[in-house]
2 protein chains.
Amino acid sequence: MANRLDSLEKILLMGPGPSMVHSSVYAALAKDTIGHMDSSFIALMDDIKAQLRVLCQTKNSVTMPMSGTGSAGMETCFVNLVEPGDAVLVLQNGVFGVRMADVAGRLGADVDVLEFEWGTPVIPDDVVKALGKKKYALVAVVHAETSTGVCNPVEAIGKLVKEHGALYLVDCVTSLGGMEVALDHWGADAFYSGTQKCLSCPPGLAPISFSEAAIAKLKSRKKKVPNWYLDLTLIINYWEGNSRAYHHTAPINMNYALYQALHCIFEEGADRVFKRHQAVHDQLVSGLDALGFKMYVKEGFRLPMLNAVVPPPGVDEAHLRKQLRQEYMIELGSGLGPLAGKIIRIGLMGETARKENVNRLLAALRACL
Amino acid sequence: MANRLDSLEKILLMGPGPSMVHSSVYAALAKDTIGHMDSSFIALMDDIKAQLRVLCQTKNSVTMPMSGTGSAGMETCFVNLVEPGDAVLVLQNGVFGVRMADVAGRLGADVDVLEFEWGTPVIPDDVVKALGKKKYALVAVVHAETSTGVCNPVEAIGKLVKEHGALYLVDCVTSLGGMEVALDHWGADAFYSGTQKCLSCPPGLAPISFSEAAIAKLKSRKKKVPNWYLDLTLIINYWEGNSRAYHHTAPINMNYALYQALHCIFEEGADRVFKRHQAVHDQLVSGLDALGFKMYVKEGFRLPMLNAVVPPPGVDEAHLRKQLRQEYMIELGSGLGPLAGKIIRIGLMGETARKENVNRLLAALRACL
């Protein structure tokens, strides 16, 4: 029988995730599976929680990976914290803000959306005005908008949200592991991320964190969480405390990989990893500029790890990406929604964020143009 | 920095899952990650769907793995097919039937439970009576009750459910890959399973299948599915058709592993795999009998891959399991719920279902008693 896995090519992943994976993470993934109730797995879970707390700069006890991809993290935050009729404000300037509003709306929340132009950041002054008009139970924002490459001012927004007594939810899918994430300092009450971006681990898990205030809201719900699989009131009993109760069978090997990916970050030093992301971003921007590409986001608001770029006039972005994939084995990302066909998204996430990868991409682009 | 992964032991997994994993599946898991929109990944997705259809004996177009563990499969079936107020009948004779009722209830279903004694199968005559009393939108049953080791008569039940015009949901988490699953022949409209049982793959994905009737129900919903992450109306656009639309980033490497695990089953031959499960079950039952263990389930209703056994009088089951784990590196499972402390669950799933493993366990038990 032919085996399709034999013909898989080795691609340089420079899109919006998944990113490149260190060989030690692949090796971790392939270690012998153990039981989900085994004491050695419980010890590994505790280590993962501790590592995540350090990387997220939080003391939150409830900090752990959910058994799904980043979007399952988004679903987890909303489904546990929102009850029908709760007023939710979504600060929206990209695809993932749109998704948040969709997720919250499906759960019966009274969702208001404060829109900002795609490619520009959320403006705190506008947030103040919105918070003054209505009492919100929860305010949600995306730290690193993967669809546009914009970094939102989550610290400034957090200050405002706290002053108005709402819970503060921050999406850090693309930022975690590539730049500073400081949950407690920001006043974030709920957080989620994914493994396949700057953590440089294959997709499959969604780190989350809930503050004491978020847990209090969860515990005061009138009805059960309308999602058994992601119900934190149950999952906490598996991930926390002295006697762990079976909930679902955790993705054991994916947790090995996450452990190792976090281990790699701390071995290099988180600050050094963040500086490496910034350095390769600067290298990419200056190289692209020389080739006639324009950055879609203004300087000062750009993410280091996700670069939205407009090709030179006359260059067909879809054709260019196809050529890079077929002739150079490099994957770049397309634009999403209204940005489809207009921008290319270049990811510099985790192991992808190495100068040799930027040089290889720039050389390939030069050859293609 | 110490690395906890270095101290993981190699355990013979003979509990209720995860099961042993073939080395080729570990190798698949560790292959280079590619993009979730890459044409080579799309081709792999199509192969996985085709393989699953063969193993499930179904023509259902919507047959694919969900990005979560088996319980996410359960959640997927209910959240897509149940609307608030829908009458749902759960045939319950173990933990997973209890879980089904919980999941459906959270979604606002009008849930009736028809209970059968744990350790005994669902009785079709009782199902007929229940179906005559009320019109149900959906009837749900577990094929292989992992908590008790009972095999339910899903074919006979399916015939009754179809006669009464309800949708028929069958949980095959523990049966798929270890015994025949014949969805179309049973009249099953919705099905879910997990990778970590008889598919012999690490946990992390949940194969599902929906019939045309189930898809019709999904498409006629009054409101959006109240779960964005598991919304099949969206996910189908990623897994089906000519132009695939991004939904969430699929767990790429877990899909490699599932592909390879299915490949292994078809290389050996599915019928041979099922016979192997039955043969090692017979070997285990006769070996345990000689040691004074009693089977919890009567002959004729036993699952080959999940054996609920009552230890000889005077033997403490928790102590015995601990000794096997610590001194023989063998994992067995405890009883769940009312069966905790009363039974031991011995899994013979997938790669675990080998005669040398049964011999190793029997020798270890002999030494411990």
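Residues numbered from 1 in each chain as written. Chains lettered and ligands numbered in written order. Predicted model: local features only at pLDDT ≥ 70, side-chain atom pairs only at ≥ 80, totals over all residues.

Chemist: Explain the sheet that holds strand 5 (residues 138-142) of chain B here, please?
Modeler: Whenever strands of a sheet pair, they do so through backbone hydrogen bonds, lying parallel or antiparallel. All names here are of chain B. In space, the seven strands of this open sheet follow the order 2-10-9-8-5-3-4, with mixed pairing throughout. If you trace the sheet from one side to the other, it starts and ends with strand 2 (62-66) and strand 4 (110-115), each paired once. The mean angle between the axes of side-by-side strands here comes to 15°, regardless of whether they run parallel or antiparallel. (Pairing = 2+ DSSP bridges. Helix = DSSP H or I, 4+ residues; strand = E, 2+ residues; numbered from the N terminus. Axes fitted to C-alpha atoms, helices over the stretch in contact; angles between N-to-C directions.)

Chemist: Explain the sheet that holds strand 11 (residues 294-295) of chain B to me, please; I cannot follow it from the model alone.
Modeler: All names here are of chain B. If you walk across this open sheet you meet the four strands as 11-12-15-14, and the pairing is antiparallel. Edge positions in the sheet fall to strand 11 and strand 14 (333-334), since each has one partner strand and no second. Pairing between strand 12 (residues 306-310) and strand 15 (residues 344-347): four bridges, direction antiparallel. Looking across to strand 15, one finds that Ala308 is bridged to Arg345.

Chemist: Would you mind going over helix 12 (residues 317-328) of chain B with me for this structure?
Modeler: What sets the pattern is the α-helix's 3.6 residues per turn: residues three or four places apart point alike. Residue and element names in this part refer to chain B. For helix 12, built from 12 residues, the straight-helix expectation of 16 Å at 1.5 Å per residue is met to within 8% by its first-to-last C-alpha distance of 15 Å. Considered for burial, the residues of helix 12 that qualify are Arg321, Leu324 and Arg325. Looking down the long axis of helix 12, one finds its buried residues gathered within 95° of arc, a one-sided arrangement. Turned more than 90 degrees away from the buried face of helix 12, the exposed residues are His319, Gln326 and Glu327. Its buried side turned inward, helix 12 meets strand 13 (330-331), strand 14, strand 15 and helix 13 (355-368). Of the residues flanking the end of helix 12, it is Met329, one or two places downstream, whose phi is positive at about 55°. (Expected span 1.5 Å × (residues − 1). Buried ≥ 20, exposed ≤ 12 C-beta atoms within 10 Å, placed from the backbone. Arc of directions from axis to C-beta. Contact = placed C-beta atoms within 7 Å.)

Chemist: Before we go on, may I ask you to explain the relation of the copies chain A and chain B in this structure?
Modeler: In summary, the two copies of the chain are related to each other by a rotation about an axis coupled with a shift along it. Its rotation angle being 180°, the transformation that places chain A on chain B also includes 0.0 Å of axial translation and leaves an RMSD of 0.0 Å. On the angle and the small slide along the axis, the relation comes out as a two-fold axis. Interface overlap between copies: 100% of the residues of chain A at the interface are likewise at the interface in chain B, consistent with a symmetric, same-surface contact. (Least-squares fit on C-alpha atoms with pLDDT ≥ 70 in both.)

Chemist: What is the right way to read the interface of chain A and chain B from this model?
Modeler: In this assembly, 63 residues from chain A lie in contact with 63 residues from chain B. No other element matches helix 10 (residues 252-268) of chain A, which puts nine residues into the side of chain A that touches chain B. Considering only residue class, the side of chain A that touches chain B consists of 30 nonpolar, 20 polar and 13 charged. (Nonpolar A, V, L, I, M, F, W, Y, C, P; charged D, E, K, R; others polar.)

Chemist: Mind showing me how you'd approach the nonpolar core here?
Modeler: A general trend in soluble globular proteins is that nonpolar side chains are found buried together. Judged by nonpolar contacts, the single largest core of 249 residues is most densely connected at Val88(A), Ala104(A), Leu138(A), Val88(B), Ala104(B), Leu138(B) and Val139(B). Those residues in contact with Leu138(B) that sit more than four places away from it in its chain are Leu81(B), Val82(B), Asp86(B), Val88(B), Ala166(B), Leu167(B) and Leu169(B). (Core = buried A, V, L, I, M, F, W, Y, C linked by C-beta atoms within 7 Å.)

Chemist: Would you take a moment to explain the packing of helix 10 (residues 252-268) of chain B against helix 11 (residues 270-290) of chain B for this structure?
Modeler: The axes of two packed helices give the description: the angle between them and the distance between them. All names here are of chain B. For the pair helix 10 and helix 11, the least separation of the axes is 5 Å and the interaxial angle reads 90°. Of the possible angle classes, the one that applies to helix 10 and helix 11 is roughly perpendicular. On the side of helix 10, the interface is formed by Ile265, Phe266 and Glu268, while helix 11 contributes Ala270, Arg272 and Val273. (Parallel < 35°, antiparallel > 145°, perpendicular 65-115°, else oblique.)

Chemist: Explain the domain arrangement of chain A to me, please; I cannot follow it from the model alone.
Modeler: The accessible area lost on association of the parts is a frequent measure of interface size. Residues and elements named next belong to chain A. According to the domain assignment, chain A contains domain 1 (4-18 + 269-368) and domain 2 (30-266). Here the C-alpha centre of domain 2 lies 27 Å away from the C-alpha centre of domain 1. Counting residues at the interface gives 24 residues for domain 1, matched by 27 residues for domain 2. Contributing elements (two or more residues each) for the side of domain 1 that touches domain 2: helix 11 (270-290) and strand 12 (306-310). With four residues, the single largest contributor to the side of domain 1 that touches domain 2 is helix 11. (Domains from an automatic or database assignment.)

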